[in-house]
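# Fold and contact review
The lines below spell out each chain.
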Amino acid sequence: MRQTGPEHRDNERPMDGATAALTWRLALARLALFWERAVPALAPAAIVATLFAAAVLFDLLPRLPTALHWLALIAFLAGFGWALWRARQALALPDAFAGRRRLEKASGFAHRPLQTLDDRPAGAPDSAQVALWEAHRRRLMAALAKVRVGWPSPGLVLRDPMALRIGMVLLLIVGLGVGGDQAGLRFARALAPGVDTPGQAPGALDLWITPPAYTGLPPVIPRVDATEIAVPVGSQ
């Protein structure tokens, strides 16, 4: 049974600020747990997406026969969908109990003090029980002042000791350097097997010839269909 007397309300006032701070840290702890679980779970899907993007940027898929082009698209889509399906359970936000447990671990608490936040004295406590309960509350307040969230650590170093993730990033960067200016066109070509898509428009070349000053002639702009051009000696 919870006490509601003036003295009990006065004792709860210091807890209000600590409880508000704990609520904020608890939300951060749950987000950190979500990040730690989601990143490794989504890593296979990210790898498939990166390989597909690299194949598109390097314009590899349109070079395949139409049948193989279709098979490659289906394989990428199936691999990406399967990876997301496997990751679905890790994408749920952890509950408050898991968040409190993370706070206790990150803060170095040995006896799980945060798990007793919802405890209340049972029955009609006597003076000794009230004193013991108040001592417990003071100890809990001291623990709340030391709560730490800690930095999220997905553990990719342990899961990827050969640092293949860095290779994936470099592959994508090189692909952007090779085909970044034609990314839209190359994605269209990759997603349309057997369909001819227009290539890059030819570049324009401006060419003019400046005769030497002794000729008194203006600059000459050759015609596109010209096969032979008379150029005075010393022209630029």
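Residues numbered from 1 in each chain as written. Predicted model: local features only at pLDDT ≥ 70, side-chain atom pairs only at ≥ 80, totals over all residues. Heavy atoms only, no water.

## Some thoughts on the overall build of the protein chain
If you tally the helices and strands in the protein chain, you get seven helices and zero strands. Each of the 236 residues in the protein chain was classed as buried or not, and the buried ones make up 28%. Long-range pairs, those at least 24 residues apart, make up 70% of the contacts in the protein chain between residues at least 6 apart in sequence. With the model as given, the accessible surface of the protein chain reaches about 16200 Å², and the carbon-plus-sulfur share is 65%. (Helix = DSSP H or I, 4+ residues; strand = E, 2+ residues; numbered from the N terminus. Buried < 20%, exposed > 50% of the residue type's maximum accessible area, 1.4 Å probe, protein only. Contact = heavy atoms within 4.5 Å. Areas by Shrake-Rupley, 256 points an atom, 1.4 Å probe, with all protein chains shown as cover.)

## Considering the layout of surface pockets
The space that makes up the largest pocket amounts to roughly 410 Å³. Lining the largest pocket are 15 residues; nearest its centre among them are Ala-43, Ile-47, Leu-156, Asp-160 and Arg-165. Of all the secondary-structure elements, those providing two or more residues to the lining of the largest pocket are helix H1 (6–57), helix H5 (156–159) and helix H6 (164–179). Looking at the lining of the largest pocket, the element that brings in the most residues is H1, giving seven residues. A per-class count over the lining of the largest pocket returns 11 nonpolar, one polar and three charged. (1 Å grid on protein atoms, 1.4 Å probe; cavity = no way out; pocket = protein on both sides within 12 Å on 5 of 7 lines; lining within 4 Å. Points joined across faces, edges and corners; volume = space filled by probe spheres on them. Nonpolar A, V, L, I, M, F, W, Y, C, P; charged D, E, K, R; others polar.)

## Observations regarding the environment of Phe-80
Structurally, Phe-80 is set in helix H2 (residues 66–87). Its relative accessible area of 32% is what places Phe-80 among the partly exposed residues. Contacts of Phe-80, omitting those with residues within four sequence positions, involve Ala-45, Val-48 and Ala-49.

## Considering the side chain of Arg-186
Along the chain, Arg-186 falls in helix H7 (residues 183–190). Among buried charged residues, Arg-186 stands out as having no salt bridge; its nearest opposite-charge side chain is Asp-59, 4.5 Å away. Discounting residues that sit within four places of it in the chain, Arg-186 has contacts with Val-56, Leu-57, Phe-58, Asp-59, Val-178 and Gly-179. (Lys, Arg positive; Asp, Glu negative; His and termini not counted. Salt bridge = Lys/Arg side-chain N within 4 Å of Asp/Glu carboxyl O.)

## Some remarks on the nonpolar core
Soluble globular proteins tend to pack their nonpolar side chains together in the buried interior. Among the nonpolar cores identified, the biggest contains seven residues, and these are Phe-52, Ala-55, Val-56, Leu-61, Ala-72, Leu-73 and Ala-190. In terms of residues, this core owes the most to one element, H1, which gives three residues. Counting six residues, the second largest nonpolar core, distinct from the first, contains Leu-26, Ala-29, Leu-103 and Val-149. (Core = buried A, V, L, I, M, F, W, Y, C linked by side-chain atoms within 4.5 Å.)

## Description of the environment of Arg-37
You can see Arg-37 is positioned in helix H1. The partly exposed category is assigned to Arg-37, whose relative accessible area is 39%. Through-space distance from the C-alpha of Arg-37 to that of Leu-93 is 9.5 Å; in sequence the pair is 56 residues apart. In contact with Arg-37, not counting residues within four places along its chain, are Ala-90, Pro-94 and Ala-98.

## As for the confidence of the model for the protein chain
Model confidence for the protein chain is summarised by a mean pLDDT of 76, while 76% of its residues fall at 70 or above. A low-confidence stretch, residues 1–14 (pLDDT under 50), is modelled with 14 contacts involving residues beyond four sequence positions or located in other chains. (pLDDT = per-residue confidence, 0-100.)

## So, a nonpolar patch on the surface
Residues Trp-24, Leu-28, Leu-31 and Leu-93 make up a contiguous nonpolar surface patch of roughly 430 Å² in combined accessible area. Position of Leu-31 relative to the elements: it lies in helix H1. (Patch = residues over 30% accessible without salt bridge, like charges linked within 9 Å, V, L, I, M, F, W, Y side chains within 5 Å.)

## Remarks on H2
In a regular helix each residue adds 1.5 Å, so 22 residues correspond to 32 Å; H2 covers 32 Å between its end C-alpha atoms and thus fits that length. Listed as buried for H2 are His-69, Ala-72, Leu-73, Ala-83 and Ala-87. End-on view of H2: buried residues confined to an arc of 105 degrees, all on one side of the axis. The exposed set on the far side of H2, more than 90 degrees from its buried face, consists of Ala-67, Leu-71, Ile-74, Ala-75, Trp-85 and Arg-86. (Expected span 1.5 Å × (residues − 1). Arc of directions from axis to C-beta.)

## Examining the packing of aromatic side chains
Under the definition given, this model contains two aromatic pairs. A ring pair is formed by Phe-52 and Phe-76, whose centres lie 5.2 Å apart and whose planes are at 65 degrees; its orientation type is edge-to-face. In this pair, Phe-52 is assigned in helix H1 and Phe-76 in helix H2, connecting sequence segments 24 residues apart. The class for Phe-52 is buried, based on a relative accessible area of 17%. On the accessibility criterion, Phe-76 (22% relative accessible area) is partly exposed. (Phe/Tyr/Trp six-rings, centres within 6.5 Å; stacked < 30°, edge-to-face > 60°.)

## Regarding unusual backbone geometry
Look at Asp-59: it is not a glycine, yet its phi comes out positive at around 60 degrees. Following the sequence through the fold, Asp-59 ends up in the loop between H1 and H2. Asp-59 sits in the buried class, given a relative accessible area of 11%.

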